[in-house]
Amino acid sequence: SMAVGIDDGRVSDIWIYELAGGTAIRRLTSGGHNERPVWSGDSKRVVYQSDRDGDEGLFWQPADGSAIAERLTTPEAGTSHAPESWSPDGKSLLFNRTNRRQNVMEFCAADPATGRCRVIVREEWLPSWTENSPARTFLEDGERFIWVSERNGFRNFYLYDLGGKLLAPLTS
């Protein structure tokens, strides 16, 4: 299956398409602007950003449409949450939290079972704006990742662990 966001300029929804064919594409979401679908690690749910309640929080629901959406995050006023992926171990939803001016972005991990959320990396670029979805690549161990940042005005690479510890700048 594939989850896609379709935006016709007035309505934005998540649709599920069965790659094997045999069934028509079906709409998963309704109400508000729903975008940025991300599959859960077990491929049973889709996480997405929605403004259905007046903010840009994260919701998830079964991909088969058997239940209504559940809210996962509630952003503070003036911020938005955008899903990125799941941690390699499948336990944490990784997402970006960005302010309206887009000069502060936090890469966060949320535990859907407890609702607990923590910041992994914080980017702040007051004279300008930060990339809302900066590039990152996980290493094979699933615990470390390479983070791309222009925090000093130049594109550089940094090695972090999922605890948020900067292990090493890789370029300068």
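Note that the structure is a prediction, hence the values are computed from the model and not measured. (Residues numbered from 1 in each chain as written. Predicted model: local features only at pLDDT ≥ 70, side-chain atom pairs only at ≥ 80, totals over all residues. Heavy atoms only, no water.)

Here's the deal with the sheet that holds strand β4 (residues 34-39)
And then number 1: If you walk across this open sheet you meet the four strands as β4-β5-β6-β7, and the pairing is antiparallel. At either margin of the open sheet sits one strand with a lone partner, and together these are β4 and β7 (70-71).
And then number 2: In this sheet, strand β6 (residues 57-62) lies alongside strand β5 (residues 45-50) in antiparallel orientation, the contact comprising six bridges. Following the sheet pairing, V47 is matched in β6 by W60. (Pairing = 2+ DSSP bridges. Helix = DSSP H or I, 4+ residues; strand = E, 2+ residues; numbered from the N terminus.)

Focus: the packing of aromatic side chains
And then number 1: Following the criterion strictly, the structure yields seven aromatic pairs and no others.
And then number 2: Measuring from ring centre to ring centre gives 5.6 Å for F107 and F145, while their planes differ by 75°; the resulting arrangement is edge-to-face. With F107 in strand β10 (residues 104-110) and F145 in strand β13 (residues 144-149), this residue pair connects regions lying 38 residues apart in the sequence. Both residues of the pair, F107 and F145, belong to the buried class.
And then number 3: Taken together, the ring pairs in this structure connect F107, F138, F145, W147 and Y160 into an aromatic cluster.
And then number 4: Its guanidinium or amino end placed over the ring of W60, R45 lies 4.3 Å from that ring's centre, counting from NZ or CZ.
And then number 5: Between the NZ or CZ atom of R151 and the centre of the ring of Y158, over which it lies, the distance is 4.2 Å. (Phe/Tyr/Trp six-rings, centres within 6.5 Å; stacked < 30°, edge-to-face > 60°. Buried < 20%, exposed > 50% of the residue type's maximum accessible area, 1.4 Å probe, protein only. Lys NZ or Arg CZ within 6 Å of the ring centre and 35° of its normal.)

Side note on the environment of Y158
And then number 1: With respect to the helices and strands, Y158 occurs in strand β14 (residues 156-161).
And then number 2: Sequence-wise, Y158 and G90 are 68 residues apart; in three dimensions their C-alpha atoms are separated by 23 Å.

A look at unusual backbone geometry
And then number 1: In this structure, S43 takes a positive phi of about 60° despite not being glycine.
And then number 2: Located in the positive-phi region is Q102, a residue other than glycine, with phi close to 60°.
And then number 3: For Q102, a relative accessible area of 28% corresponds to the partly exposed category.

Some remarks on a nonpolar patch on the surface
And then number 1: A surface patch of nonpolar side chains, about 430 Å² in accessible area, is lined by M2, I6, Y17, L19 and I25.
And then number 2: Its location among the elements puts I6 in strand β1 (residues 2-7).
And then number 3: A residue is classified by how much of its surface remains accessible, and I6, at 40% relative accessible area, is partly exposed. (Patch = residues over 30% accessible without salt bridge, like charges linked within 9 Å, V, L, I, M, F, W, Y side chains within 5 Å. Areas by Shrake-Rupley, 256 points an atom, 1.4 Å probe, with all protein chains shown as cover. Salt bridge = Lys/Arg side-chain N within 4 Å of Asp/Glu carboxyl O.)

Such coordinate-based values are descriptive only and should not be taken to indicate function.
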